[in-house]
Each structure stands twice: as C-alpha cells, then as structure tokens.
Amino acid sequence: MTPTQLIYRAWQNTPRPIIYHTADGKGNPIDTECNFLDPLKHPKYDAEWNGNCLICGAPSHGGIPYKALLGSSYTDWSRHKCPESNHICPACAFTMMLNPASHRCCLFRYSFVAEKTLHICNRAEIRDYILEPPEPPFVMAATISQKKHIAFKSLVSYDRENFFCNLEEEQIQVNRQAAKDMIAVCEALRGIGMTKDEIMRGEIRYDRIKKFKLDAYDKINHLLRPCMGTRLFSLCLFVAQKMTEEEAICFLDLTLKTKPSQPERCSSTQPIKAGTSKEARPDTICGNKSSGLPAGQQSGQIMFPNF
Ligand SMILES: [Zn+2]
Ligand SMILES: [Zn+2]
C-alpha cells in the first residue's frame, strides 16, 4: 500500500466533520473543521481511466487528468513515479485538492497521522503520537510551511518502536525511545526559559542558568550535545511542548543557588503537564524512582536509533 492510499482510505473511514484543535492569534483554543474534497466528485474525474498514477505510480482504475490538478506553481515534477502517465489516482488527488468553498482546506496545510482513521494534528498531538504511535500500518507527517505536498513523499510505517515521520519533505527515522528522551530534554530546556532557537544552536546562555549552581552548564551540555545536529532532534524540537520550571529543574537535576538545602523535589505524585497534551508524561521524568538520573544520563548518553 502506498502512503497516499493509506491516507485516502483513512479519510474515507473518518467520521465528519474532521476537527482540528488549534489556537487563535491570542492563544485561545479553537476548533476548526477540515472539509477535504472528495476526489471522486472532481468535475474532471474519469471513472473509465485505467493506468498508473502519475504521482505514486500505483495502478488505478479511475483518475483525474493532471492538468486539472497541477497548476503553474507546482514544482514536484521530478518526484513523480510514473512521469509518462497523464492521470492522478484518487488517493494522491485527495492529498492535493484545495477546497475553495472551505478556506482552501487541503491536507498539505496540516500535520497528520493516518491509521484506520485520519487525525489532523496540532504540534502537541503529533508529539503525543510520536510517543505513543497508533497500531501499524500508519503514516505520520509534520508540516512546518503548511504549503508543501508532503503526503506522497511520506512513508508507511509498520513498527511502533522504529517508524517514520516526515518533517516537511524529509523522511525521518524515529526510534521511539530516542525520541522520548530528546523530547524530554527539549521540554525541560524550554522549561528553564531556553527558546527553541537556542536549543537548536546548543546555546546555553548565562542569564538562563545564572540562578543555578555552577554545574548547571555541564549538566545541560551533557544532555544536549549528543542530540544536536541529528534529524530526529529537529523533529523532537519542532513538536516539543514545555515543562514547568519546577519539573524542568527536577529533570535536569539542577540546584538553585538560593536554596542550598533543597527538599525532595522529585515527587512521583506530582502531575506533569505539557501544553495541551493529554498524554501521560514519559515515565523517565521525575516519577522514575529506579534511578535518580535524567533519562538521557542513565546510559551515559542519549540513545540513538541503531539503523
Ligand atoms: Zn485533535
Ligand atoms: Zn497516486
């Protein structure tokens, strides 16, 4: 099964309307409807056409002439699996069609997870799916630009522990445990006030850590350095939410200068929130009594996918 076939089938099995949980300009949560167009109702849909899809190359009965779908701004010609074809299959067409009657709704504007059904996801939801993937097979993709056709450049995943998630057009291999560790590091660093840009650059600013004891720099550096520069880290940072400062101090094992003898901070009974995420937090944080070390330090460094 091609990724677009899986996505299209998921959409067909999804109750309408599909709701996207997002926020308005002021950060208030709002729900919007995603009204995707049905390719079989496209005015140029040709039910009689038989052949291979221009884009995915899969054999198809029924298709839409590409000239009716791909405009002058389309730039993905080099990615087509069957360039000699002149039709696009319904599955690929579904992922590309803009709905002019509904805010130009189109799949490429959203991050999504397709399994039995199609989930249109905000960043916190994609984060939760990375930590807790659905039953395979599934397709997972995160968009940054909300402009690029990433569905047909994605991959079908068949394993919950090692899977793929697109970040824009890039297919990133995700080892679930490594992602869990990296997301926790990102969320902890955001919790002590580091921005995503600083985390990406590995920039540990003095003003972010001046209230902690002197070993803070080394502790943060030790966690951050092994992750940086990997593609998985870019994905994890993109979806990362934020710990509270208290959770972050606990996770990073930092000590405040002002409190020389701190009471037990890392309580497993403390609820941990991350943005709008409903997902239970990684058990490597705070609640894990088997080791006093943050997740990434238990084995000396962050675990990397070994493929
Ligand atoms: Zn949702
Ligand atoms: Zn196709």
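Residues numbered from 1 in each chain as written. Chains lettered and ligands numbered in written order. Predicted model: local features only at pLDDT ≥ 70, side-chain atom pairs only at ≥ 80, totals over all residues. Heavy atoms only, no water.

> Can you tell me about the pattern of salt bridges, naming the residues and giving the values?
Side chains bearing opposite charge may pair, as long as their charged atoms lie close to each other. Throughout the structure, instances matching the rule amount to 17 salt bridges. The residue Lys153 makes a salt bridge to Asp76 at a minimum N-O spacing of 2.8 Å. With Lys153 in the loop between strand S8 (139-142) and strand S9 (162-167) and Asp76 in the loop between strand S4 (59-65) and strand S5 (87-88), this residue pair connects regions lying 77 residues apart in the sequence. Here Lys153 matches Asp76 in class, with each residue buried. One salt bridge in this structure joins Arg205 and Asp207, with 2.7 Å as the shortest N-O distance. For Arg205, a relative accessible area of 30% corresponds to the partly exposed category. (Salt bridge = Lys/Arg side-chain N within 4 Å of Asp/Glu carboxyl O. Helix = DSSP H or I, 4+ residues; strand = E, 2+ residues; numbered from the N terminus. Buried < 20%, exposed > 50% of the residue type's maximum accessible area, 1.4 Å probe, protein only.)

> With reference to specific residues and values, describe the nonpolar core.
Core analysis: the largest hydrophobic core is formed by 49 residues, its most contacted members being Ile130, Val174, Leu189, Ile192, Leu232 and Leu235. Within the residue set of this core, elements represented by two or more residues are helix H3 (123-131), S8, S9, strand S10 (170-175), helix H4 (176-191), helix H7 (216-224), helix H8 (231-239) and helix H9 (245-252). For this core, the leading source of residues is H4, giving 9 residues. Grouped together as the second largest cluster of nonpolar side chains are 38 residues, Cys53, Ile88, Cys92 and Ala151 included. (Core = buried A, V, L, I, M, F, W, Y, C linked by side-chain atoms within 4.5 Å.)

> Lay out the packing of aromatic side chains in plain terms, naming residues and giving numbers.
Following the criterion strictly, the structure yields 9 aromatic pairs and no others. Among the aromatic residues, those joined into a cluster by ring pairs are Tyr8, Trp11, Tyr20, Phe36, Phe94 and Tyr110. Note that Arg16 overlies the ring of Trp11, its terminal NZ or CZ placed 4.1 Å from the centroid. (Phe/Tyr/Trp six-rings, centres within 6.5 Å; stacked < 30°, edge-to-face > 60°. Lys NZ or Arg CZ within 6 Å of the ring centre and 35° of its normal.)

> Explain the packing of H4 against H9 residue by residue, including any values.
With their axes 8 Å apart at the nearest point, H4 and H9 run at an angle of 125° to one another. The pairing of H4 with H9 is recorded here as oblique in orientation. Along this stretch, H4 crosses H9, giving a crossing that reads as left-handed. Contact residues: H4 offers Ala184, Val185, Ala188, Leu189 and Gly191, while H9 offers Glu245, Ala248, Phe251 and Leu252. When its residues are assigned to classes, the contact of H4 with H9 shows 7 nonpolar, 1 polar and 1 charged. (Axes fitted to C-alpha atoms, helices over the stretch in contact; angles between N-to-C directions. Parallel < 35°, antiparallel > 145°, perpendicular 65-115°, else oblique. Left-handed = near helix turned anticlockwise from the far one by under 90°. Contact = heavy atoms within 4.5 Å. Nonpolar A, V, L, I, M, F, W, Y, C, P; charged D, E, K, R; others polar.)

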